[in-house]
Amino acid sequence: MSLFLSIFLLVYSGIHLYFFLKLKAAFPLGIFLSTGLTIFLLLMVFAPILIRILENKEMESLARFTAYAGYLWMGFIFLFFSASLFVDMYQGGLHIVALGFRRSFSSFFPGSRSTFILPLIWALAAGCYGYFEALDIRVERVVIPTSKLPGTIKKLTIVQISDVHLGLIVRQERLKRIIADINTAAPDILVSTGDLVDGQINRMTGMAELLQAVRPTWGKFAVIGNHEVYAGLDQAIAFTERAGFRILRNEGLTVGNGIAIAGVNDPSVQKASHSDPSTEKAILSHLDPNEFRILLKHRPSLNPESTGLFDLQLSGHVHKGQIFPFNLITRLFFPVKTGFSKLPGNAALYVSRGSGTWGPPIRLLAPPEVTVFELTRQPWKT
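Computed from a predicted structure; not experimentally measured. (Residues numbered from 1 in each chain as written. Predicted model: local features only at pLDDT ≥ 70, side-chain atom pairs only at ≥ 80, totals over all residues. Heavy atoms only, no water.)

A. Fine view of the nonpolar core. Counting 32 residues, the largest nonpolar core has Phe19, Trp73 and Ile77 as the members making the most contacts within it. Put simply, the parts of the chain that give this core at least two residues each are α1 (3-26), α2 (31-45), α3 (47-56), α4 (60-101) and α5 (112-133). A total of 10 residues in this core trace back to one element, the largest contributor, which is α4. Beyond its immediate sequence surroundings of up to four residues, tryptophan 73 is in contact with Tyr12, His16, Phe19, Phe40, Leu41 and Met44. Leu175, Ile178, Ala222 and Phe245 belong to the second-largest nonpolar core, a separate cluster that totals 27 residues. (Core = buried A, V, L, I, M, F, W, Y, C linked by side-chain atoms within 4.5 Å. Buried < 20%, exposed > 50% of the residue type's maximum accessible area, 1.4 Å probe, protein only. Helix = DSSP H or I, 4+ residues; strand = E, 2+ residues; numbered from the N terminus. Contact = heavy atoms within 4.5 Å.)

B. Here's a closer look at the pattern of salt bridges. In this structure the tally under the stated criterion is 13 salt bridges. Here arginine 171 ties to glutamate 60 by a salt bridge, and the two come within 3.3 Å at their closest N and O atoms. With arginine 171 in the loop between β2 (155-161) and α6 (172-185) and glutamate 60 in helix α4, the pair connects residues that are 111 residues apart, well separated along the chain. The burial state of arginine 171 is the same as that of glutamate 60; both residues are buried. Salt-bridge contacts for arginine 293 lead to aspartate 311; the nearest nitrogen and oxygen are separated by 3.4 Å. With arginine 293 in strand β8 (residues 292-296) and aspartate 311 in the loop between β8 and β9 (312-315), the pair connects residues that are 18 residues apart, well separated along the chain. Assessed through its relative accessible area of 7%, arginine 293 is described here as buried. Note on aspartate 311: relative accessible area 9%, which makes it buried. Where salt bridges share partners, they join Glu140, Arg353 and Glu369 into one cluster. (Salt bridge = Lys/Arg side-chain N within 4 Å of Asp/Glu carboxyl O.)

C. Quick peek at the packing of α4 against α5. Where α4 meets α5, the closest approach of the two axes is 8 Å, and the angle between their N-to-C directions is 140 degrees. The orientation of α4 with respect to α5, classified from their angle, is oblique. As α4 packs across α5, the resulting crossing turns out to be right-handed. Of the residues in α5, those in contact with Leu72, Phe76, Leu79, Phe80, Ala83, Ser84, Val87 and Gln91 of α4 are Thr115, Phe116, Pro119, Leu120, Trp122, Ala123, Leu124, Ala126, Gly127 and Tyr131. In the contact of α4 with α5, the residues fall into 14 nonpolar, 4 polar and no charged. (Axes fitted to C-alpha atoms, helices over the stretch in contact; angles between N-to-C directions. Parallel < 35°, antiparallel > 145°, perpendicular 65-115°, else oblique. Left-handed = near helix turned anticlockwise from the far one by under 90°. Nonpolar A, V, L, I, M, F, W, Y, C, P; charged D, E, K, R; others polar.)

D. The arrangement of the sheet that holds strand β10 (residues 339-343) in detail. The strand order β6-β7-β8-β9-β11-β10 describes an open sheet built from 6 strands, whose pairing is mixed. Of all the strands in the sheet, the pair left with one neighbour each is β6 (251-255) and β10. The average angle at which neighbouring strand axes cross in this sheet is 20 degrees, direction not considered. In terms of strand pairing, strand β7 (residues 259-263) meets β8 through 5 bridges, oriented parallel. From the neighbouring strand, alanine 262 faces β8, where its bridge partner is leucine 295. (Pairing = 2+ DSSP bridges.)

Okay, structure coming up:
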């Protein structure tokens, strides 16, 4: 068992134990209800592993049902846990104030039943809203002025998709809506910044062909994310190439006689494939500084050595937390804002919220997106 999986199961089990204790404190449970609830919670803890086992045994229908049940529950219990933790912090703060003033604030303390029901209502309401928000794909438009457009071209359109997570839950219906938004934008270049597929990739009949039919003027380019490694690197690469993408694995090239695109491997790809440990700086140094240089990088980390070697970095990975308030945790690991940010040296970073969902088919205050960049011929405005 990997270290990551062990930590995940430990933390996820702890959250379920917290839920169980909160429920028991709110409502007296008999032996039969307690036993049934324990079995259910154990099934939910191990649902992600069970899903993978079912799929490996080619029990796709049962795997998809378990995925929906297990991941919807995951979204619900995270919303419950975060809200309940907030209530606990409120109570803890009142205790400290009461001790400091040597007074009783008992009337301000909610009872054990209220401290369970209030987070429960929030989790159910927010989960329902988040399910429909996850279906509402937004088109984000970003205009970037530059003096580096090739030839007589006055405007160049680049579309970014990221973190689609095609698999058991994100299927043809979602992909067709994404493709419709891409086609409406009529891009010159289409890029995918990783996690096009998820850990479950079997029997994705027809989805690569849907993407293959999208043919921008100057081509389609992709980098591999961490979930392609979980899906199986070889089959994930085969799917992405069948979809018509040129995968950039620690390499750069010029397209359209004036646009340079480089892509770097995700650290998980590097580890899994023992691939060329070329540095980001070395890859970017080979690009022509007179061309508009785009860096595709799955994780939104900024390498100080790359300053001045690219004009626009496109990343994803963090989903803007996907379910509030998880974005507060992702900011600890990736301290950059989601969306557009200007960088030193007339450069910019764009971090996509992602076009699909990982795990729970829920998004809260982080709607999915397809991003349209319009490069226009004019000086950069500082």
